[in-house]
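Chain residues, written in single-letter form:
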Amino acid sequence: MAQLAFQVLEHSLFALKTHEEDSVFSHILSALFIIEWECSMALVLAEESDLKVHKEEINVEALMCNTSDDHLDETVHLKANLAERIHAFRQSLIPSFWNDLHSGTLNRLVNILAQSVRYAVFDTIDLPIDRTAVLCSEWVVDMLRLICLDHIKLQSFFDALLSEGEYWPLWVKPSLQNDHASVKIQREPLTTDGTELKHQRFVAFVDKLVLNLSFGEVILAPLSSFSRAWVAAEMICTWNWKGGSAFSTFLPSLVQYMKTELGLEVSFVSLLLDTLLEGALMHESSDWALFNSWHLSDSEIEKIQDRFLRSLVALLFTAYTKESVLRESDAHVLFEQLRSSLFIGSTVNRKCLRTLPFVMSTIIKPSTEKVRLNEASLCTDLLGKSILSWLEEAISCLSSSPREVAQQDIEDWMQVVLSCFPLKIMGGTSKLIVKFEREISDAETSLLLTLFSRYQTFYGSADPSLSSRETILSKTVELLGVKLTAVMVGYCWTKLGETDWCFVFRILRKWIESSVLLVEEMTDNINDAAVNQTSAQDILEKLKLIACTMEDLTFTFAESALVTLCHLNLVDNLHETDNSPNLQLIRSGEYAESNDKMMENILRLFLASGVSEAIAGSCSLEASSIIASSRVDHLHFWELVASFIIDASPQIRRSALDSMKLWGLTKESVSGLYSILFSSEPISHLQFAAYSLLMSEPLCELSLVKGSSVGEIPLSSQESEMGQNIESIPDSEKALYLRDELTALIEMPTSELVKTDLVALERVNVFVAWALVLSHLQLLPLSSATREKVLQYVQDKISPSILDCIFQHIPLKTAAPSGKKKDVELVPEARAAAEASKGAITTCSLLPYVESLWPVGVLQMASLAGSLYGMMIRLLPSYVRTWFTSLRDRSLSYSIESFTRAWCSPPLLLDEFSQVKESIYVDETFSVSVNRSAYEIIATYKKEETGIDLVIRLPSCYPLRHVDVECTRSLGISEVKCRKWLLSLTSFVRNQNGAIAEAIRTWKSNFDKEFEGIEECPICYSILHTSNHSLPRLACKTCRHKFHGACLYKWFSTSNKSTCPLCQTPF
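Residues numbered from 1 in each chain as written. Predicted model: local features only at pLDDT ≥ 70, side-chain atom pairs only at ≥ 80, totals over all residues. Heavy atoms only, no water.

So, the overall build of the protein chain
Worth spelling out the cut-off: By definition, any uninterrupted DSSP run of H or I lasting at least four residues is a helix, any uninterrupted run of E lasting at least two residues is a strand, and each is numbered from the N terminus. Burial status follows relative accessibility: with a 1.4 Å probe on protein chains alone, a residue under 20% of its type maximum counts as buried, one over 50% as exposed, and anything between as partly exposed. Contact definition: two residues touch when any of their heavy atoms are within 4.5 Å. Each accessible area is a Shrake-Rupley result for a 1.4 Å probe, and residues are judged covered by the shown protein chains and nothing else.
Counting secondary structure elements, the protein chain contains 45 helices and 16 strands. Here the protein chain holds 1067 residues, and the buried ones make up 54% of them. Considering only contacts in the protein chain between residues 6 or more positions apart, those separated by 24 or more positions represent 73%. Entry remark: accessible area of the protein chain is about 47,100 Å², with carbon and sulfur atoms responsible for 52%.

Some words on the nonpolar core
Note the cut-off: Residue types Ala, Val, Leu, Ile, Met, Phe, Trp, Tyr and Cys, when buried and joined through side-chain atoms within 4.5 Å, form a set referred to as a nonpolar core.
In terms of nonpolar packing, the biggest core is built from 324 residues, with Phe205, Trp390, Trp501, Trp770 and Tyr869 touching the most fellow members. Counting residues per element, this core draws most heavily on helix H22 (residues 498-531), at 15 residues. When neighbours within four sequence positions are excluded, Trp501 is seen to be in contact with Val489, Trp493, Leu496, Leu568, Asn582, Leu585, Ile586 and Tyr591. By size, the runner-up hydrophobic cluster in this structure holds nine residues, among which are Cys1017, Cys1036, Leu1048 and Phe1052.

What about the packing of aromatic side chains?
Spelled out, the test is: Put simply, two rings from Phe, Tyr or Trp (the six-membered ring, in Trp's case) pair if the centres are within 6.5 Å, and we call them stacked under 30 degrees between planes, edge-to-face over 60, tilted for the rest. Whether a charge sits over a ring depends on NZ of Lys or CZ of Arg being within 6 Å of the ring centre and within 35 degrees of the ring normal.
According to the stated counting rule, one finds 31 aromatic pairs in the structure shown. On the basis of an interplanar angle of 25 degrees and a centroid distance of 6.2 Å, the ring pair of Phe343 and Trp413 is categorised as stacked. Remark: Trp413 occurs in helix H19 (residues 407-419) and Phe343 occurs in strand E5 (residues 343-344); sequence separation between them is 70 residues. The class of Phe343 is partly exposed, set by a relative accessible area of 35%. Measuring from centroid to centroid gives 6.5 Å for Trp501 and Phe505, while their planes differ by 50 degrees, and the two rings are tilted. Taken together, the residues Trp501 and Phe505, both in helix H22 and four residues apart, mark about one turn of the helix. Of the two residues, Trp501 and Phe505, neither departs from the other in class, the shared state being buried. Linked through ring pairs, Phe122, Tyr167, Trp168, Phe202, Phe205 and Trp230 together constitute an aromatic cluster. Across from the ring centre of Trp239, 4.7 Å away, lies the NZ or CZ of Arg310, which sits over that ring. Over the ring of Trp288 we find Lys483; its NZ or CZ atom is 6.0 Å from the centre of that ring.

Considerations on the side chain of Glu478
Keep this limit in mind: Pairs of N or O atoms within 3.5 Å make up the polar contacts considered here, provided that, within protein, one atom can donate a hydrogen while the other can accept it, and that residues adjacent in sequence are counted only when both atoms are side-chain atoms.
Along the chain, Glu478 turns up in helix H21 (residues 475-491). Within the structure, the side chain of Glu478 is placed 2.6 Å from the side chain of Lys510, a separation counted as a polar contact. Once residues lying within four places of it in the same chain are set aside, the contact partners of Glu478 are Tyr455, Tyr459, Leu473, Lys510, Trp511 and Phe557.

Overview of a negative patch on the surface
Note the cut-off: Distance thresholds for patches are 9 Å for like charges and 5 Å for nonpolar side chains (Val, Leu, Ile, Met, Phe, Trp, Tyr), applied to residues having over 30% relative accessible area and no salt bridge. What makes a salt bridge here is a side-chain nitrogen of Lys or Arg within 4 Å of a carboxyl oxygen of Asp or Glu, nothing more. Positive: Lys, Arg. Negative: Asp, Glu. His and the chain ends are not part of the count. For this purpose, a charge sits on NZ of Lys, CZ of Arg, CG of Asp or CD of Glu.
A cluster of acidic residues, Glu498, Glu590, Glu593 and Asp596, forms a negative patch at the surface. Broken down by element, the negative patch gets its largest block of residues, three residues, from helix H26 (residues 589-617). Tracing the sequence through the fold places Asp596 in helix H26. On the basis of relative accessible area, Asp596 is assigned to the partly exposed category, the value being 42%.

Here's the deal with the pattern of salt bridges
The final tally for this structure, using the stated rule, is 27 salt bridges. With its nearest N and O atoms 2.4 Å apart, the salt bridge here joins Asp647 to Lys431. Placement of Asp647 in the loop between helix H28 (635-645) and helix H29 (650-661) and of Lys431 in the loop between strand E7 (423-427) and strand E8 (432-436) is noted, with a sequence separation of 216 residues between them. Classification of Asp647 as partly exposed rests on a relative accessible area of 44%. Through salt bridges with shared partners, a single network forms among Asp287, Arg350, Arg354, Asp409 and Asp412.

Remarks on the side chain of Thr124
Relative to the helices and strands, Thr124 resides in the loop between helix H6 (103-123) and helix H7 (129-147). A polar side-chain atom of Thr124 sits 2.4 Å from the main-chain carbonyl oxygen of Ala120. Not counting chain neighbours up to four residues away, the residues in contact with Thr124 comprise Met41, Tyr119, Thr132 and Arg201.

Description of unusual backbone geometry
Leaving glycine out, the prevailing phi sign among residues is negative, and the prevailing peptide bond configuration is trans. That bond from Trp854 to Pro855 is cis: its omega, -5 degrees, falls within 30 degrees of zero. One can find Pro855 in the loop between helix H39 (847-851) and helix H40 (858-875). Backbone torsion omega between Tyr958 and Pro959 reads 10 degrees, so that peptide bond is classified as cis. Assignment of secondary structure puts Pro959 in the loop between strand E13 (946-953) and strand E14 (964-971). With a phi angle near 60 degrees, Cys844 is a residue other than glycine that sits in the positive phi range.

Overview of the pairing of E8
How we decide: In this analysis, strands are considered paired if DSSP registers two or more bridges between them.
Where burial is concerned, the two faces of E8 differ: the one with Leu432, Val434 and Phe436 is buried and the one with Ile433 and Lys435 is not. The sheet contact formed by E7 and E8 spans five bridges and is antiparallel. Counted as the bridge partner of Ile425 is Val434 from E8. Between the antiparallel neighbours E7 and E8 lie four residues.

Some points on H28
For H28, a buried count of 10 out of 11 residues is recorded, marking the element as mostly surrounded by other parts of the structure. Those residues of H28 not exposed but buried are His636, Phe637, Trp638, Glu639, Leu640, Val641, Ala642, Ser643, Phe644 and Ile645.

Let's talk about the confidence of the model for the protein chain
Applied cut-off: The predictor attaches a confidence to each residue, and that confidence, scored 0 to 100, is pLDDT.
Confidence in the prediction of the protein chain, expressed as mean pLDDT, is 83, and 82% of residues score 70 or more. Note on residues 466-470: pLDDT is under 50 here. Beyond four places in sequence and across chains, it has seven contacts. Between residues 818-823, whose pLDDT stays under 50, and residues either more than four places distant or in other chains, the model counts two contacts.

A short note on a nonpolar patch on the surface
Taken together, the side chains of Val759, Val856 and Val858 define a hydrophobic patch exposed on the protein surface, amounting to about 180 Å² of accessible area. By the secondary structure assignment, Val759 is in the loop between helix H34 (750-753) and helix H35 (761-779).

Brief notes about the packing of H26 against H28
The line we're drawing: Interaxial angle, 0 to 180 degrees, is taken between N-to-C directions of lines fitted to C-alpha atoms, where a helix line uses only the stretch in contact. Orientation categories follow fixed angle ranges, with anything under 35 degrees roughly parallel, anything over 145 roughly antiparallel, 65 to 115 roughly perpendicular, and all other angles oblique. In this scheme the handedness of a crossing depends on how the near helix is turned from the far one: anticlockwise by less than a right angle means left-handed, clockwise means right-handed.
One way to put it is that H26 packs onto H28 with a least axis distance of 9 Å and a crossing angle of 120 degrees. One element, H26, and the other, H28, form an angle in the oblique class. Between H26 and H28 lies a crossing of left-handed hand. Within the contact between the two elements, H26 uses Met599, Ile602, Leu603, Leu605, Phe606 and Ser609 and H28 uses Phe637, Trp638, Val641, Phe644 and Ile645.

Overview of the environment of Lys431
Lys431 sits in the partly exposed class, given a relative accessible area of 34%. When the C-alpha atoms of Lys431 and Ile645 are compared, they prove to be 9.6 Å apart, with 214 residues separating the residues in sequence. Each residue touching Lys431, except ones within four places of it in the same chain, is listed here: Met426, Ser643 and Asp647. Within the structure, Lys431 has its side chain in polar contact with the side chain of Asp647 (distance 2.4 Å).

Re the environment of Leu909
With respect to the helices, strands and loops of the structure, Leu909 is situated in helix H42 (residues 890-919). Classification of Leu909 as buried rests on a relative accessible area of 3%. As for Leu909 and Tyr958, which are separated by 49 residues in sequence, their C-alpha atoms are 7.4 Å apart. Excluding its chain neighbours within four sequence positions, the residues that come into contact with Leu909 are Tyr935, Leu954, Pro955, Ser956 and Tyr958.

The structure is reproduced here in structure tokens:
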């Protein structure tokens, strides 16, 4: 029937146009849009339903590539066909058809379509909100593109579309007063779940419409008879909706328009600010003291409870503080409104007073920046005078004793004052610094000093430890005092006296120690819960209870104290050569001791938090996540804690470590550090601090090896049969076990790792674990038995296919070998990896690349991967060569060889030659020389009447290709012995995981011992084992020949026998 009706309409539309004055014609035209929309939506709904029903049977790719013919019923097909026909017919109508329509016809058409769109948005309940918003906004865009309305009619359409209704708006409603646009604030609108849901639908739709068209076209309405600033206010007040939010989508659209359109109507911005301010002043806001203006950010602003105040601060922060697109005149008008409203007669306007610090936190920095640039204006002058008057008000409040003054007045005026002295915490993963963002006048300095002095007196009269009075200081006033202390140290530290410094250090100690006690108490509770758990669910419930009962206010106090201490340390470091009285004071006596004690407490706090997570992690991953998440709730506090950890002296680290040992917890400090480093809820500052501690004294001695024990079980049983005691076996013969936290990662099957995303947490953790192992290897002395055992462990236990994962981050252009040297163009990731590999080889350090890893990204991971490759070819050349020679893809092999030859081998060869010249000591029997241009090392060994010259030739792509060794001269040595020596040096050089210099030294030592009469191992024909450099010690009771423990174990394993390789007597 519908198909037939459309066919009739298709052939009679132009005839109907002759009756255009009849309203029926407008309804018919609108039907062309509405019916197509209804049919299209039927198709979309059917496809959504089809997807839901068949999601387990049909993969997404097939679903997107194929039509839904097999599942859509006949009705839907008919509707789809009708929609296509109507769309084609509409598109065939030339623009002049719409342009020639009578004004009344267009007006009726616009109103019908606007109401139809509103109905579609509000009542489409079978689709997700964000999907409905996208479809409806696209419908409007297509509709407007076809009809081509002039500007006036277009704005009439938006006026109708965005007009007030039952479900929209909720917070800000338009009104008209004395023929001027105004708004009516709805503080607590009566809503139901249904109302809020439909409101959310419409807000999401408006947001998508703004993104698809423009902010100016949809919201600004410059030629409309009625400003739509109320729409912008409603959107910002709604704050969050499906598919967007005020911060993520709407405010960026507003800012972008303000950047590109210089002719933005001032009245619009002013009305928007007025609207939000009016709403904010309708009730008292929450305490500014709990608002972290020192970390002003989107997430911090989101914590403001009042929606109008939150929206006002968000708009000012985005448009004025961050983007600087808001006119200074608009900010000035807003400031003047607040300032003039502070008093109603002689009475303080409490609502305005409590709103003021939030606004000042966002406008103070841009305003004072103009003063710094000598661009002072009436606004900045007025601001300066206002700050002085507010300081005087705060001082007057503190002039009386706590019993005689309302602490509410102190809170409110101190909040206003402190908001005028901004500071910002800056820095990277390894270090945070505090920047004070104003240059204050002498008058402000003088008043600040007076305020601080009055506060000390006030605090002393209320502090039970200092006074017998029973007055209780409110937590807000006390918190404001800690913040005031930070401001004083930042802005006036050169003016503080000894009494002031005494107060500063007492406040810092008090709140840092309070946070330590809180975290240590939590650790104790977690330890008890883990020890006494009755089930997995039981421990989870206990941990959740422990985490949620943490006192947030203590962390807030401690954070302010840490900010002060952070700046105090920065001042001390920056003025290291300055001997001013203030610096001499804080560097000496009890102040220096107090500073060291606070540093130790901060380190204890850090270690306790890590141990808490380690204890929870021993129960389950979910339990560990609960504790890790509790740190995220106080992110800025823990970032500050981490910034102190790196600078702690070895003595402080040792003292904190000893305190943790005495505690008697089920997990020790190193486990706690690994829990932070590999946390399921990672915080980059904490991770780098944990990494740094694990690499520093005294923790580095404990962070690599779990413990030593006798070698493999079959070998130790043989030794037992031979009657050898464990104590008689040297350390070099004992097996080594890395800590479980490391082995769990570096022994992870590569087949699983290569499938993960390039920035997946598992991959990041594996790379960081490798960085720890390689860094430890670099720090261990060359002669260290632990170093040799770690090298042997890596060679024997860990598959070199980890390099497959590393080169996933180094995208090289594969090409067939051409035999010509040619610079290969590198993509950014490969370039970053190349620079990092070269840097790691040159500096022998991975620390810069671990530090720059966070926040984790593709480029950062490429840099870390490159540095790991560089350190591997430096410390584990044989290990890397084993992997390279196993590659089957010739094109890939050539690309890696070219990359290594160009970026890694030159600095590595330079280092190898330098080590040979510096590390090998010449004596009367041995000498060595280097020919760098030919990549040769010539070793000469002379003993009595015999001698030999051996030349070691290194390939240009060292260490990927084998080193060649050639005998160029021999004297008094049989051909058999000469060949034996040649093969021996070749074996040492090729199997050496370390520097060539060390291999040559070991080879020399081997032949020194041969001349000393020590017998070689009958299995490997060498005196020193080529890998662990041990002597043959395990003797057969029958034939008395001695063997290397590793050689003998290999013989037992491969021969499946436990007999002597020579005499076949059972061992």
